[in-house]
Amino acid sequence: MTRRLILLRHGQTHYNAAFRMQGQLDTELSEIGVQQAHAVGRVLARRRPWTILSSDLQRAHETARALASEVGLEVRTDPRLRETDLGDWQGMSHSEVDGQWPDARMRWRSTPRWSPPEGESRLDVARRTREVVDELVDASTDWSEHPAVLVAHGGAIAALTAALIELPVEQYPIFNGLGNTCWVQLSAHPRPELWSGQTATPEIGPTTDGARQVLWRLDQWNAGLTPPVEAS
């Protein structure tokens, strides 16, 4: 039976609306973000998720709880699902970062091994988030056709998606621009030949025995509500 995974980004925050760098700052949902969380919760509840995991940052946790309230589940939190640590950039606006570090944001988005000052790279984020999914695969032998939902952050989801489908690291930047309360869906399939016949293994490959037996495929990227929940 195909195992499905939904990676859901949190609702809008005031930092999102003001184009400020959040990283691992523990920011709250805006009023619009709360509305978005409940709207997407009602939609994804129809998929009857069997488990919900969330970053422990409150913007993600509150979004996860909106879905959980619709399906009668508890939310489990894991700090490994946090957003990228942006180091010295956290709390700054895009224009402030660009003024102090010209062209650095472009380099950060295009170079997965590069990190902001005192922060972490996309590769670092891919490693820690991938562990969460691999452990879920190992612990859930009875995973049904209903999805597991992980609620996290745009940068973390982009890095995790690239790692799960085993892209070469240089291609990680193709995933970008995930909207608030938009989601990614992946499905796990039996790996035809476990690592055999491959010319190279991915830099961020499966970390557990059970995870080594599956191959993740991307079903949807940046899926969302139509029409989206916006300010009135």
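A brief look at the structure comes next. Just so it is clear, the model here is predicted, and its values are computed rather than measured.

## Some details on the layout of surface pockets
- In this structure, the largest pocket occupies an estimated 660 Å³ of space.
- Considering the residues around the largest pocket, the lining is formed by 32 residues, among which Arg9, Asn16, Glu83, Arg109 and Gly155 are closest to the centre.
- Only helix H1 (14-17), helix H5 (104-110), helix H6 (122-139) and helix H7 (154-164) provide two or more residues apiece to the lining of the largest pocket.
- The leading source of residues in the lining of the largest pocket is H7, at 4 residues.

## Side note on the nonpolar core
- Leu5, Leu7, Val133, Leu150, Leu164, Leu186 and Trp216 are the most contacted members of the largest nonpolar core, which has 22 residues in total.
- Looking at this core, the elements that each hand over two or more residues are strand S1 (3-9), H6, strand S4 (148-152), H7, strand S5 (183-190) and strand S6 (214-223).
- Looking at this core, the element that brings in the most residues is H6, giving 4 residues.
- If we ignore the near neighbours within four places in the chain, the residues touching Val133 are Leu5, Leu150, Leu160, Leu164 and Trp216.
- In this structure, Leu8, Val40, Val75 and Trp183 belong to the second largest nonpolar core, which totals 17 residues.

## Quick word on the packing of aromatic side chains
- This model, assessed by the stated rule, comprises 6 aromatic pairs.
- Aromatic side chains Trp89 and Trp108 sit 5.7 Å apart centroid to centroid with 90° between the ring planes, which places their arrangement in the edge-to-face category. With a gap of 19 residues between them, Trp89 in the loop between strand S3 (75-77) and helix H4 (94-100) and Trp108 in helix H5 connect regions that are remote in the sequence. One exposure class covers both Trp89 and Trp108, and it is buried.
- Ring geometry for Phe175 against Trp221: centres 4.8 Å apart, planes inclined by 40°, an arrangement best described as tilted. In this pair, Phe175 is assigned in the loop between H7 and S5 and Trp221 in strand S6, connecting sequence segments 46 residues apart.
- Exposure remark for Phe175: the relative accessible area of 7% places this residue in the buried category.
- Put simply, the rings of Trp89, Trp101, Trp108 and Trp114 pair up and form one aromatic cluster.

## As for helix H2 (residues 31-45)
- Taking 1.5 Å as the rise per residue, H2 with 15 residues should run 21 Å; its terminal C-alpha atoms sit 21 Å apart, in good agreement.
- Looking at H2, one finds that the buried residues are Gly33, Gln36, Ala37, Ala39, Val40, Gly41, Leu44 and Ala45.
- At its buried positions, H2 is contacted by S1, helix H3 (58-71) and S5.

## With respect to the packing of H6 against H7
- Close contact between H6 and H7 brings their axes to 8 Å; oriented N to C, the two are set at 70°. As judged from the angle between their axes, H6 and H7 are roughly perpendicular. Here Arg122, Val125, Ala126, Thr129, Arg130 and Val133 of H6 lie close against H7, whose contacting residues are Ala156, Ala159, Leu160, Ala163 and Leu164.
- Looking at the contact of H6 with H7 residue by residue, the class counts come to 8 nonpolar, 1 polar and 2 charged.

## Some points on the packing of H2 against H3
- Viewed as axis vectors pointing N to C, H2 and H3 meet at an angle of 40°, and their least axial separation amounts to 8 Å. Accordingly, the angle class assigned to the pair H2 and H3 is oblique. Remark: the crossing between H2 and H3 carries right-handed chirality. The residues of H3 that touch H2, namely those facing Val34, Ala37, His38, Gly41, Arg42, Leu44 and Ala45, are Glu62, Thr63, Ala66, Leu67, Glu70 and Val71.
- Its residues placed into classes, the contact of H2 with H3 shows 7 nonpolar, 3 polar and 3 charged.

Cut-offs and rules
- Counting from 1, residues in each chain are numbered in the order their sequence is written.
- Selection of residues for local features in this predicted model requires a pLDDT of at least 70, selection of side-chain atom pairs for listing and counting requires 80 or more, and totals for whole chains, interfaces and linings are taken over all residues.
- Excluded from the side-chain calculation are hydrogens and water; included are all heavy atoms of the structure.
- Note on definitions: the grid is 1 Å and covers protein atoms alone; a cavity is a set of points where a 1.4 Å probe fits but cannot get out; a pocket is an open set with protein on both sides within 12 Å along at least five of seven lines; lining residues have an atom within 4 Å of a point.
- Grid points are joined across faces, edges and corners, and a volume is the space filled by probe spheres set on the points.
- Strands are runs of DSSP state E lasting at least 2 residues, helices are runs of H or I lasting at least 4, and numbering of each runs from the N terminus.
- Within this scheme, the nonpolar core is defined by two criteria: the residues are buried Ala, Val, Leu, Ile, Met, Phe, Trp, Tyr or Cys, and they are joined through side-chain atoms within 4.5 Å.
- Exposure is judged per residue with a 1.4 Å probe applied to protein chains only, and the accessible area is read against the type maximum: over 50% gives exposed, under 20% gives buried, and values in between give partly exposed.
- The contact criterion used throughout is that any non-hydrogen atoms of two residues lie within 4.5 Å.
- Stacked, edge-to-face and tilted are the three classes for Phe, Tyr and Trp ring pairs, Trp counted by its six-membered ring, which pair at centre distances within 6.5 Å; planes under 30 degrees apart are stacked, over 60 edge-to-face, the rest tilted.
- In this analysis, the expected span of each helix is defined as 1.5 Å times one less than the number of residues it contains.
- Between N-to-C directions, angles span 0 to 180 degrees; the directions come from axes that are lines fitted to C-alpha atoms, helices contributing only their stretch in contact.
- The scheme is simple: roughly parallel for angles under 35 degrees, roughly antiparallel for over 145, roughly perpendicular for 65 to 115, oblique for anything else.
- In this classification, the charged set is Asp, Glu, Lys and Arg, the nonpolar set is Ala, Val, Leu, Ile, Met, Phe, Trp, Tyr, Cys and Pro, and all remaining amino acids, among them Gly, are polar.
- Should the near helix be turned counterclockwise from the far one by less than a right angle, the crossing is left-handed, whereas a clockwise turn marks it as right-handed.

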